[in-house]
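So the chains spell out like this:
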Amino acid sequence: MNFIERIKKEVMVIDGSMGVFLQTEGLPSGHAPDLWNLERPDVIASVHNHYAKAGSQIVISNSFGATRPRLADYGRQSDVKEINRAAVENARRGGGDNILVAGGSGPTGKLVAPLGDLAFEEAVDIFKEQFSALVEAGADILIIETMFDLMEMKAAVVGANEVRKNVPLIACMTYTADSVTDTGASPEAVCAVMEGLGVDVIGVNCSTGPDEMLDVVRRLGEATHLPICVEPNAGLPVIEKGQTLYKASSDEMANLAPKFVEYGANIIGGCCGTRPDYIEKVCSLVKGAKPASRAKKDGVLISSRSEIIRIGSRFPFVKVGEKINPTGKKKFGAAIKEGRTDLIVMTARKQMEAGATALDVNVGVPMTDESTMMEQAVAAVQNVTHLPLVIDSSGNDAIYAGLRFYSGRPLVNSVNAEPSKLEAVLPMVKRMGAAVIALCAGEDVPESAEKRFDYAKRIYDRALSLGLTKDDIVFDCLAVVVSAMQEGARQTLFTIRKIKEELGCATIIGLSNTSFGLPDRPTINNSFLAMAMAEGLDAAIVNPYDAGMHKAVAGASLFSRR
């Protein structure tokens with residue numbers, strides 16, 4: 001039975017702290033534990049052996065800090081491959097034949113942009129280098145631990161994905177006692193990002209003791225169908241006489257293990273301050289237990305750093321604010337040309353206050369550096385609003401710029417069925433763990449629902465071939481200008497129904513297109529919106545300042561086929 005199948009059927013136990021052992025073995029203060037893989041390999045193997053004898057079924061290699069930036073502090077940055085290889089070999093030798101070895105990695109010690117100076121792609125390369133060495137050394141699993149910044153976790157996962165092939169990946173964030181990461185990510189938002197990136201197991205480790213971790217595990221269990229890994233500290237750390245101590249007893253730790261299983265944990269172990277006696281008691285209570293049943297949640301999941309939204313038939317209608325867009329706005333366009341984000345920030349706040357549930361961000365102005373402006377806009381907007389973002393551009397470079405600066409899981413607006421667009425955008429969406437708006441168009445913008453569906457099916461098939469799923473795609477069914485294409489507008493309604501019934505995918509329209517060139521545009525827009533919702537429309541890009549639109553959504557929600 002492979003690892004993923006196994007943890008769905010039985011709770012497995014992972015090891016405890018490496019540091020607590022190495023300190024008792026004489027690890028000098030300030031010396032990198034990772035270097036002992038080469039300097040004191042027998043000591044490292046002995047630690048793994050103690051945990052294996054205590055009942056651990058998984059041991060984590062002593063490679064938490066074995067990345068280039070961390071090793072550079074000791075002048076050993078050129079030894080990444082050698083140290084990580086030795087870490088896996090020591091774990092294998094100490095753990096024995098029946099133990100699974102998890103190749104471990106932790107933070108680089110640097111903040112990834114936009115919070116810090118480490119460029120996203122540089123961070124990806126750092127982790128890719130380490131994970132490549134761990135995979136080559138024969139790690140059975142990869143595990144990322146103690147990440148406090150979601151952007152660095154994204155970079156680590158992207159790096160791991162590029163080398164891990166079929167090796168399972170566990171991704172563990174660390175949370176404060178308030179159940180958020182140090183940079184403000186909620187457990188639910190972490191689930192959205194990690195699901196999008198395709199990790200196999202999501203987890204929580206370090207920071208707090210088991211009591212404080214219960215709420216995080218409960219929320220993870222409610223937010224995701226992914227297996228969950230839990231590694232609490234032996235209580236919250238305290239400083240006494242200059243030493244960091246962890247005072248939770250092995251009984252205190254172990255007695256909460258059944259509660260973790262109840263909330264959805266599939267793997268349980270320990271982090272700072274835990275020892276083999278902790279693991280032995282955890283084993284006696286939960287090892288081999290049947291994990292709690294958790295159903296897969298459908299719908300397209302997007303998020304900001306702190307809030308998630310699901311788009312689909314069983315969820316509230318999503319209103320995407322359209323106003324961060326320079327089209328037809330001279331002042332807005334001029335501000336973008338000057339590299340200013342003040343109007344963007346003000347507009348983001350106003351739309352949030354007006355009732356938008358997500359925000360479209362478009363900064364496309366001719367003769368400007370759209371990629372740089374998209375980075376600045378995304379960085380600015382995500383700092384002033386909790387709403388998920390839609391990264392909107394016809395330029396592939398600008399889309400990617402937004403993706404590498406966004407801390408949540410965005411929608412990308414958009415891709416169509418033209419081969420060049422498909423091959424540029426869909427792999428980018430897959431790599432970065434985003435979701436995508438897919439236009440029911442290709443070489444042309446068709447009038448008939450049948451032709452629109454044909455284009456949708458072309459996009460759908462290519463997306464699935466790349467590893468995306470129907471829950472990564474929202475189809476734009478094309479709201480056309482009704483004054484010029486009255487039949488085309490009716491065909492939009494048929495397209496919504498056909499995509500919902502035959503593909504089972506979420507749907508969206510850009511509502512304002514409908515009434516272009518006509519008087520009393522709000523009435524026309526909102527009448528069409530109600531009709532589209534009756535056919536199953538799940539979301540629309542709208543003017544959130546229109547009170548009538550909000551009323552139309554509320555009323556139509558009572559009768560729609562969604």
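Residues numbered from 1 in each chain as written. Predicted model: local features only at pLDDT ≥ 70, side-chain atom pairs only at ≥ 80, totals over all residues. Heavy atoms only, no water.

Caption draft 1: Representation of the sheet that holds strand 17 (residues 435-439) in the model. Spatially, the eight strands close up into a barrel ordered 13-14-15-16-17-18-19-20, and their pairing is parallel. With strand direction ignored, the average angle separating the axes of adjacent strands in the sheet is 25 degrees. The sheet contact formed by strand 15 (residues 389-392) and strand 16 (residues 411-415) spans three bridges and is parallel. Note on strand 16: the bridge partner recorded for Ile391 is Val412. (Pairing = 2+ DSSP bridges. Helix = DSSP H or I, 4+ residues; strand = E, 2+ residues; numbered from the N terminus. Axes fitted to C-alpha atoms, helices over the stretch in contact; angles between N-to-C directions.)

Caption draft 2: Region of interest: empty space enclosed by the protein. All chains considered together, the criterion is met by one cavity of 30 Å³ or more. Empty space within the largest cavity amounts to approximately 30 Å³. For the largest cavity, the full set of lining residues is Pro232, Met253, Ala257, Phe260, Ile268, Gly269 and Val282. (1 Å grid on protein atoms, 1.4 Å probe; cavity = no way out; pocket = protein on both sides within 12 Å on 5 of 7 lines; lining within 4 Å. Points joined across faces, edges and corners; volume = space filled by probe spheres on them.)

Caption draft 3: Just helix 8 (residues 150-161), in detail. The end-to-end C-alpha distance of helix 8 is 16 Å, a good match for the 16 Å that 12 residues give at a rise of 1.5 Å each. Taken as a whole, helix 8 has its buried residues at Leu150, Met151, Glu152, Met153, Lys154, Ala155, Ala156, Val157, Val158, Gly159 and Ala160. Considering only its buried residues, helix 8 is in contact with helix 7 (120-136), strand 4 (141-147), strand 5 (169-173), helix 9 (187-197), helix 17 (396-405) and helix 18 (419-432). (Expected span 1.5 Å × (residues − 1). Buried < 20%, exposed > 50% of the residue type's maximum accessible area, 1.4 Å probe, protein only. Contact = heavy atoms within 4.5 Å.)

Caption draft 4: Layout of the sheet that holds strand 5. Spatially, the eight strands line up as an open sheet ordered 1-10-7-6-5-4-3-2, and their pairing is parallel. At either margin of the open sheet sits one strand with a lone partner, and together these are strand 1 (12-13) and strand 2 (58-60).

Caption draft 5: Inspection of the environment of Asp34 at higher detail. Inspection of the secondary structure assignment puts Asp34 in the loop between helix 2 (19-24) and helix 3 (36-39). Between the C-alpha atoms of Asp34 and Ala87, which are 53 residues apart in sequence, the distance is 7.7 Å. Of the polar contacts made by the side chain of Asp34, one reaches the backbone nitrogen of Phe64; its length is 3.3 Å. (Polar contact = N/O pair within 3.5 Å; in protein donor to acceptor, adjacent residues only side chain to side chain.)

Caption draft 6: A look at the nonpolar core. Grouped together as the largest cluster of nonpolar side chains are 146 residues, with contacts concentrated most on Met194 and Phe475. Not counting the four nearest positions on each side in its chain, Phe475 is found in contact with Ala438, Cys440, Ala456, Ile459, Tyr460, Ile499, Leu503, Cys505, Ala506, Thr507 and Ile508. (Core = buried A, V, L, I, M, F, W, Y, C linked by side-chain atoms within 4.5 Å.)

Caption draft 7: Geometry of unusual backbone geometry. Backbone torsion omega between Ala113 and Pro114 reads 10 degrees, so that peptide bond is classified as cis. You can see Pro114 is positioned in the loop between strand 3 (100-105) and helix 7. Cis geometry is adopted by the peptide bond preceding Ser414, which originates at Asn413 and carries an omega value of 20 degrees. Here Lys165, not a glycine, exhibits a phi torsion of approximately 55 degrees, which is positive. By the secondary structure assignment, Lys165 is in the loop between helix 8 and strand 5. Here Lys165 falls in the exposed class, since its relative accessible area comes to 74%.

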